[in-house]
Amino acid sequence: MNDEKTKETGGFFEGIASFFRRDLVSYIIKRILAIFPSLLLISFVIFVVIQLPPGDYVSAYIAKLTGQGEQMPPEVIEQLRADFDLDKPFMLQYWSWIKGIIWTPSNTTWYRLYGSHHNWKYSFSEGKPVWTVIREYLPLTVGLTLAVMIFQYLVSIPLAVYSATHQYSLGDYLLSFIGFIGAAVPGFILAIICMILAYKWTGNPLVGLFSKEMLENGVHWGNIGEFLKRLIIPFIVLGLGGTCGTIRSIRAQMLDEISQPYTLTARAKGVSETKIIWKYCFRAAINPTVTGLGTSLSHLFSGSTVSAMVLNIMIMGPVLYDALLSQDMYLAGAIVMVQAFLVEVGILLADIGLAFLDPRIRFSGGSR
Amino acid sequence: MKKVLVIVLAALLTLGIVAAQAVEFKEAPMLAEKVAAGELPPVEERLPKAEDVYVMTELKNHQPLEIGKYGGVLTKAVTKVGNWEICRSSTLERPVDFDTNGTPFNNVLKSLESNEDMTEWTMHLREGMKWSDGEPFTADDITFWFYMLHKNNYDGLAYWAPLFQVIDGKEVWADVEKIDDYTVKWTFAQPQFRSNFVDTGDLKWFWAPKHFWEDKVPSSYYMENPIWPDTGLSDEEVMAKFMEIGMELDSVKACGKSGYYFWNHPQMPTISAYITMNEKSDPLVKLVRNPYYWKVDAEGNQLPYIDEIDFLIVNNSDQAILMLESNDSDVDYIVANIKDVIAIEDAMGDGVERHELTSTYWGDGQLYFNLTDKNLEMRDLVNNKNFRIAMSVAVDREQVVNLWYDGLTEPANAAPEYPNFGYNEEWSLRYTQYDPEYAKKLLTEECGLVMGNDGWFHFPGSGDKVSLSVVCSKTDAATAEKYAVLKQYWDAIGIEMNLNQADNYNTICDSNEGWDAAWGDQEISGYKIESRPKQFIPLNLAATWYSFYDTRGSAYNPEFFDLEGDLLKLYNVYQEWLQIPELTDRDEKELEMMQILIDNTWFLAFSTTPSEYYMVRTGLGNWPETMLNEDKFNFQMQFGFNTIYFK
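Rules of the game
Residues numbered from 1 in each chain as written. Chains lettered and ligands numbered in written order. Predicted model: local features only at pLDDT ≥ 70, side-chain atom pairs only at ≥ 80, totals over all residues. Heavy atoms only, no water. Helix = DSSP H or I, 4+ residues; strand = E, 2+ residues; numbered from the N terminus. Buried < 20%, exposed > 50% of the residue type's maximum accessible area, 1.4 Å probe, protein only. Areas by Shrake-Rupley, 256 points an atom, 1.4 Å probe, with all protein chains shown as cover. Contact = heavy atoms within 4.5 Å. Pairing = 2+ DSSP bridges. Polar contact = N/O pair within 3.5 Å; in protein donor to acceptor, adjacent residues only side chain to side chain. Salt bridge = Lys/Arg side-chain N within 4 Å of Asp/Glu carboxyl O. Axes fitted to C-alpha atoms, helices over the stretch in contact; angles between N-to-C directions. Parallel < 35°, antiparallel > 145°, perpendicular 65-115°, else oblique. Left-handed = near helix turned anticlockwise from the far one by under 90°. Nonpolar A, V, L, I, M, F, W, Y, C, P; charged D, E, K, R; others polar. 1 Å grid on protein atoms, 1.4 Å probe; cavity = no way out; pocket = protein on both sides within 12 Å on 5 of 7 lines; lining within 4 Å. Points joined across faces, edges and corners; volume = space filled by probe spheres on them. Expected span 1.5 Å × (residues − 1). Bend = angle between axes of the 7 residues up to and from the residue. Phe/Tyr/Trp six-rings, centres within 6.5 Å; stacked < 30°, edge-to-face > 60°. Lys NZ or Arg CZ within 6 Å of the ring centre and 35° of its normal. Core = buried A, V, L, I, M, F, W, Y, C linked by side-chain atoms within 4.5 Å. Patch = residues over 30% accessible without salt bridge, like charges linked within 9 Å, V, L, I, M, F, W, Y side chains within 5 Å. pLDDT = per-residue confidence, 0-100.

A.B. asks: Could you clarify how one ought to interpret the overall build of chain B in this entry?
C.D. replies: In terms of regular secondary structure, chain B is built from 20 helices and 27 strands. Buried residues in chain B amount to 61% of all 647 residues. Surface accessibility of chain B: about 23800 Å² in total, with carbon and sulfur atoms responsible for 49%.

A.B. asks: What is the right way to read the overall build of chain A from this model?
C.D. replies: Regarding its fold elements, chain A presents 18 helices and two strands. Per-residue burial for chain A yields a buried fraction of 47% across its 368 residues. Intrachain contacts of chain A at a sequence separation of at least 6 include 68% that bridge at least 24 residues. Accessible area of chain A: about 18500 Å², with a carbon and sulfur share of 69%.

A.B. asks: I tried to follow the sheet that holds strand β21 (residues 496-502) of chain B on my own but got confused; where do I start?
C.D. replies: Each strand in a sheet pairs with another by means of backbone hydrogen bonds, the pair being arranged parallel or else antiparallel. Residue and element names in this part refer to chain B. Strand order in this open sheet of five strands is β21-β20-β22-β17-β23, and the pairing throughout is mixed. Unpaired on one side and paired on the other, β21 and β23 (603-604) mark the two borders of the sheet. Here strand β20 (residues 467-473) pairs with strand β22 (residues 517-519) via two bridges, running parallel. Across the sheet, residue V471 finds its bridge partner in β22, namely A518.

A.B. asks: Which parts of the structure should I look at to understand the side chain of N152(B)?
C.D. replies: Residue and element names in this part refer to chain B. Here N152 shows up in the loop between α6 (139-150) and β7 (164-167). A polar atom in the side chain of N152 sits 2.7 Å from the backbone oxygen of M148. Beyond its immediate chain neighbours, meaning those up to four positions away, N152 contacts Y147, Y221 and M223.

A.B. asks: Quick question: what am I supposed to make of the pattern of salt bridges here?
C.D. replies: If charged atoms from side chains of opposite charge come close, those side chains can pair. By the definition in use, this model includes 38 salt bridges over all chains. K229(A) is paired through a salt bridge with E226(A); the nearest N and O atoms lie 3.4 Å apart. Within this pair, K229(A) and its partner E226(A) are both found in helix α11 (residues 224-258), separated by three residues, close to a single helical turn. Given the relative accessible area of 36%, K229(A) is considered partly exposed. In this structure, E273(A) and R267(A) form a salt bridge, with 2.7 Å as the shortest nitrogen-oxygen distance. Residue E273(A) is classed as partly exposed on the basis of its relative accessible area of 39%. What you see here is one network of salt bridges that share partners, running through K212(A), E216(A), K286(B), E308(B) and D310(B).

A.B. asks: Where do I start with the sheet that holds strand β6 (residues 120-124) of chain B in this structure?
C.D. replies: Residues and elements named next belong to chain B. Strands sit in the order β5-β6-β10-β9 across an open sheet of four strands; the sheet is antiparallel. This sheet does not close on itself; its edge strands, each paired only once, are β5 (111-114) and β9 (175-180). Shown here is a sheet whose adjacent strand axes are inclined to one another by a mean of 20 degrees, direction ignored.

A.B. asks: I would appreciate a short explanation of the packing of helix α19 (residues 565-578) of chain B against helix α20 (residues 587-600) of chain B in the present structure.
C.D. replies: A pair of packed helices is characterised by two quantities: the angle between their axes and the separation of those axes. Residues and elements named next belong to chain B. Their axes nearest at 9 Å, the elements α19 and α20 cross at an angle of 165 degrees. Overall, the two elements α19 and α20 adopt an arrangement that is roughly antiparallel. Here α19 runs over α20; the crossing is left-handed. Only K589, E590, E592, M593, I596, L597 and N600 of α20 make contact with α19, whose side of the interface consists of D566, K569, L570, V573, Y574, E576 and W577. Per-class residue counts for the contact of α19 with α20 are seven nonpolar, one polar and six charged.

A.B. asks: How should I be thinking about empty space enclosed by the protein in this particular structure?
C.D. replies: To locate leftover empty space, one rolls a probe as large as a water molecule over the atoms. Residues and elements named next belong to chain B. In this structure the tally under the stated criterion is nine cavities of 30 Å³ or more. Of the volumes computed, that of the second largest cavity is approximately 170 Å³. Along the walls of the second largest cavity sit 20 residues, with M56, K60, F105, K295 and N642 positioned nearest its centre. Among the elements that line the lining of the second largest cavity, the one with the most residues is strand β1 (residues 54-56), at three residues. Broken down by class, the residue content of the lining of the second largest cavity amounts to nine nonpolar, six polar and five charged.

A.B. asks: Looking at this structure, I do not really get helix α7 (residues 130-165) of chain A. What am I missing?
C.D. replies: Every α-helical turn comprises 3.6 residues, leaving residues that sit three or four positions apart pointing alike. With 36 residues, α7(A) should reach 52 Å at 1.5 Å per residue; the first-to-last C-alpha distance of 50 Å fits that figure. Most pronounced at Y137(A), the bend in α7(A) amounts to some 35 degrees, and the proline P139(A) follows within four residues.

A.B. asks: Help me out: how do you make sense of the packing of aromatic side chains in this one?
C.D. replies: Residue and element names in this part refer to chain B. Tallying each qualifying case throughout the model produces 54 aromatic pairs over all chains. Seen from their ring centres, Y483 and W519 are 5.6 Å apart, and the 65 degrees between their planes marks the pair as edge-to-face. Of this pair, Y483 sits in helix α16 (residues 477-493) while W519 sits in strand β22, placing them 36 residues apart in sequence. Relative accessible area serves as the criterion here: at 2%, Y483 is assigned to the buried category. Accessibility expressed as a relative area gives 1% for W519, which makes it buried. Just above the ring of Y613 sits the side chain of R354; from NZ or CZ to the centre is 5.4 Å. The ring of F421 has K528 lying over it, and the distance from NZ or CZ to the ring centre is 4.7 Å.

A.B. asks: For this particular structure, what's the right way to read the nonpolar core?
C.D. replies: If you look at soluble globular proteins, the nonpolar side chains tend to sit buried side by side. All names here are of chain B. Residues Y154 and W186 are the most contacted members of the largest nonpolar core, which totals 93 residues. Ranked by the residues each element gives to this core, the list is headed by α6, at eight residues. Residues L443, V466, W577 and A605 belong to the second largest nonpolar core, which totals 73 residues.

A.B. asks: Looking at this structure, I do not really get a nonpolar patch on the surface. What am I missing?
C.D. replies: Residue and element names in this part refer to chain A. On the surface, F188, I189, I192, I193, I196, L197, W201 and V306 cluster together into a nonpolar patch covering about 720 Å² of accessible area. If you tally residues by element for the nonpolar patch, the top one is helix α9 (residues 187-202), at seven residues. By the element assignment, W201 lies in helix α9. On the accessibility criterion, W201 (68% relative accessible area) is exposed.

A.B. asks: Could you clarify how one ought to interpret unusual backbone geometry in this entry?
C.D. replies: Residue and element names in this part refer to chain B. With omega at 0 degrees, the peptide bond leading from L303 into P304 counts as cis. Not every positive phi belongs to a glycine, and N622 is a case in point at roughly 65 degrees. Topologically, N622 is positioned in the loop between β25 (620-621) and β26 (627-629). The class of N622 is buried, set by a relative accessible area of 2%.

A.B. asks: Teacher, can you tell me more about the confidence of the model for chain B here?
C.D. replies: If pLDDT is low for a region, its predicted coordinates should not be looked at in detail. All names here are of chain B. Averaged over chain B, the pLDDT score is 86; the fraction of residues at 70 or greater is 87%. The model gives residues 4-9 a pLDDT under 50, and that stretch makes three contacts with residues more than four places away or in other chains. pLDDT under 50 marks residues 552-556. Its contacts with residues more than four places away, or in other chains, come to 13 contacts.

A.B. asks: For this particular structure, what's the right way to read the pairing of strand β12 (residues 284-289) of chain B?
C.D. replies: Looking along a regular strand, one sees the side chains alternate between the two faces of the sheet. Residue and element names in this part refer to chain B. Of all six residues that make up β12, five are buried, and the element is covered over most of its length. Here strand β11 (residues 274-276) runs beside β12; their pairing, made up of three bridges, is antiparallel. Its bridge partner being in β12, Y274 is matched across the sheet by R289. Pairing analysis gives five bridges linking β12 to strand β14 (residues 308-314), with the strands arranged antiparallel. Counted as the bridge partner of V285 is F311 from β14.

A.B. asks: Just checking my understanding: could you explain the environment of S114(B) for this structure?
C.D. replies: Residues and elements named next belong to chain B. As for its position among the elements, S114 is in strand β5. S114 gets classed as partly exposed once you look at its relative accessible area, which sits at 30%. Linking S114 and R194, residues 80 residues apart in sequence, is a C-alpha distance of 8.6 Å. Residues within four places of S114 in sequence aside, it is in contact with E120 and W121.

A.B. asks: Explanation requested: helix α17 (residues 316-325) of chain A in the structure shown.
C.D. replies: Three or more residues of α17(A) are buried, namely M316(A), G317(A), P318(A), V319(A), L320(A) and A323(A). Following α17(A) by one or two positions, Q327(A) has its phi on the positive side, about 55 degrees.

A.B. asks: Could you clarify how one ought to interpret the environment of G201(B) in this entry?
C.D. replies: All names here are of chain B. Structurally, the position occupied by G201 is in the loop between β10 (183-187) and α7 (210-213). Sequence separation of G201 and P104 is 97 residues, and the distance between their C-alpha atoms is 9.2 Å. Non-local contacts of G201, meaning those with residues more than four positions away in its chain, are made with R94, F98 and K632.

This is the structure we're talking about:
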């Protein structure tokens with residue numbers, strides 16, 4: 001028995017070692033190195049795109065003031081523009097931005113005050129350094145995003161497998177129906193419906209993740225119940241679209257795999273049904289889902305901006321929206337850069353996950 | 001007689017001081033606890049000396065002030081846009097304030113007087129008045145602000161217009177000197193009328209806490225002055241000082257105001273009733289009671305009554321409505337539009353009260369023409385009054401108000417609205433009778449336009465189709481939707497109008513290029529012309545008239561047009577109006593200017609402006625029954641956070 005266990009443990013480590021085979025390791029290194037030039041390229045595109053709309057932060061700000069009945073003389077407007085360096089040529093603005101992000105030397109005021117070699121510039125609208133703003137919103141954004149993703153997979157995988165293994169049953173039809181509805185209804189509509197239902201049924205529309213008391217005192221044991229209650233709608237709204245998509249995709253893949261000859265062979269050899277489904281079919285069926293993991297991280301990060309705004313959840317999406325609206329270019333640029341980085345990392349992780357799940361996948365040419 | 005009444009009213013508002021001498025001052029229980037614990041000095045020591053305490057006996061609309069109860073937290077749900085400035089402006093205390101008739105009364109200032117030729121103004125402060133951290137509020141706070149923060153543009157806006165005069169095209173600043181701890185004297189190069197100085201409403205403050213700022217002004221911003229020496233501080237040292245109080249800046253430029261009115265720093269001491277505790281990006285902005293607030297009620301109770309004002313930031317107004325309606329929510333009031341009011345009242349019944357904030361706009365959906373259009377044919381056309389009348393009568397306003405506001409407003413043209421100064425039903429309804437045939441007749445017979453075979457009017461000279469480019473702000477989707485309703489009427493009479501929803505609306509207008517009319521943004525408003533004269537008078541600062549009527553000297557704009565005809569007449573009456581020292585004596589000239597504006601129909605409107613409404617949970621006292629949405633009266637402040645209370 002012990003020998004068997006040792007053998008299994010040794011096998012596992014051997015599996016890990018063989019998983020990180022040379023072509024995969026060199027692939028990972030290459031991909032990590034490729035992240036930097038692609039981010040640099042992305043940064044330029046971002047800066048161009050953000051500056052594409054006519055006007056700048058100052059003109060957006062003046063428009064806001066004008067809307068409130070205030071007017072500013074042209075000389076003051078120009079002074080403001082100069083204060084924010086918006087009067088400089090485009091390339092100079094870009095160079096100053098990207099140079100500061102890559103490396104801000106120790107002999108600068110920025111480094112002496114903030115102790116960081118990376119100056120992401122200043123958010124005009126928030127009135128503080130960009131990285132400070134991102135730091136404020138990132139934990140909640142990433143926390144909520146990951147939690148919703150985990151929820152999404154925990155719910156969708158068993159349901160998809162059930163649906164595939166019980167094809168054309170009542171349960172399958174029901175799940176398919178819910179899946180189509182979930183995929184078709186826009187998140188923000190669902191958010192409004194959920195809030196109205198919550199208001200009708202409980203008297204509280206559950207606007208926002210945090211009640212006023214939580215904003216004052218934070219989340220603690222006394223209000224954890226209320227907090228969990230407030231998580232229900234965001235989880236449904238942010239997770240439902242992805243959950244339904246995942247159910248449909250895994251179900252289709254599973255149906256393919258279940259009818260493959262290797263499944264029949266396994267069955268004929270007396271392998272248990274659970275093992276066939278979960279160890280062989282499911283492992284093969286999940287490949288496209290894992291591939292989509294990289295982009296779905298970014299999608300949840302900002303793709304649900306409208307839903308998050310409807311639900312009054314202050315995560316990165318609405319902040320980006322506000323930044324774009326007010327032409328707060330350094331803040332908008334930084335958020336999109338963070339997203340681009342997440343996409344790069346997500347794709348890399350998805351590739352590694354794929355290799356782990358399916359040993360047939362190679363990352364370099366030739367035979368081993 | 002009117003003048004006497006005004007003086008009596010002002011006296012009543014400001015000089016209830018005598019009463020203060022006889023009463024014993026009382027304070028909120030939360031402050032009494034702090035006094036008992038030795039954390040605060042007694043209330044008598046926190047207030048100004050007895051005869052300088054400001055005693056409030058009535059609200060700004062002259063409604064008697066009820067004696068309130070201490071305690072409670074008032075919560076308002078506000079949308080994110082501009083929330084922070086609104087939160088802070090809500091508690092602004094100005095040198096002189098205004099009642100809802102526009103009559104000024106002393107507020108922070110105890111009194112002021114001028115020399116005979118009005119070149120010197122002496123201001124008296126309230127002795128013993130203190131900042132929210134207990135430091136004395138003195139003349140030094142005024143001279144320091146002027147020379148070390150404002151005149152050198154460190155506060156981000158060297159444009160406190162009442163403090164300089166334009167002489168021969170140059171800005172000549174006033175000087176200020178300290179006479180004693182509680183007296184300052186402003187000296188101007190030329191006579192400065194009170195009405196152009198403290199009574200403009202533009203002078204929102206002229207002080208800042210010297211004790212807070214004296215180690216936060218860098219040498220790079222120092223400007224030679226007769227009072228304050230250079231601090232000798234580098235930019236970096238100043239930024240480090242700000243970091244000590246939790247403010248992360250990237251340059252000293254950000255140390256001042258956030259562009260315009262309000263200081264960036266919640267940490268800065270204040271003289272307002274409430275102290276702002278949060279930064280602008282926080283989802284909950286708390287304003288807590290200022291223990292050193294210098295106003296009391298008639299029974300000597302130190303104001304404010306409510307312990308804390310909370311602004312809960314939401315993304316849109318629908319969320320605010322849901323939160324108000326929810327029994328579970330903390331929200332006590334919101335600002336709503338007329339369509340939402342009915343739904344809220346249906347949902348909440350007796351649980352909510354409606355308080356109207358009446359508009360001061362000259363009508364809704366304002367359209368104004370570019371009188372300095374670079375296309376000469378178009379310029380001639382839009383300067384023809386009959387063209388403007390044709391454009392007005394071509395519109396079926398009855399239908400417009402139904403489509404825009406479900407019939408909840410009234411058809412109207414651009415004119416003062418009830419109950420504002422100058423309201424006149426005839427003015428309001430002039431050229432509002434729907435008559436497309438008359439419009440066509442005017443265009444043909446009075447404007448000389450020629451109807452083409454294509455169904456559109458053409459210019460007689462060039463033969464070009466009359467096609468007006470109407471610019472509006474791209475961000476304003478609702479405005480564009482409303483415009484689509486109007487366009488059908490102008491199409492029907494054969495005048496083509498094309499809406500240009502521009503991101504750079506202001507730039508386009510300022511450039512005088514590519515627009516023949518402007519729509520729905522820089523709207524004309526004010527309880528009187530004196531509230532915002534530049535919107536009504538062709539000044540080169542004015543949005544409506546843009547930069548092309550040079551009335552401040554060509555140094556401001558090399559390209560300009562001379563005023564002619566009624567525009568010149570209007571400008572001249574304005575100049576005469578400016579020469580009347582007392583605000584209250586200016587009404588006659590004001591009406592004369594209004595008459596010229598109405599007669600010329602330089603701008604059009606199509607509906608009365610819908611009011612805004614405060615929807616308040618039942619049970620709050622001292623909420624005024626009438627309020628005007630007027631910047632000069634500090635619109636948000638008319639209900640007075642410092643006086644409302646939970647019944």
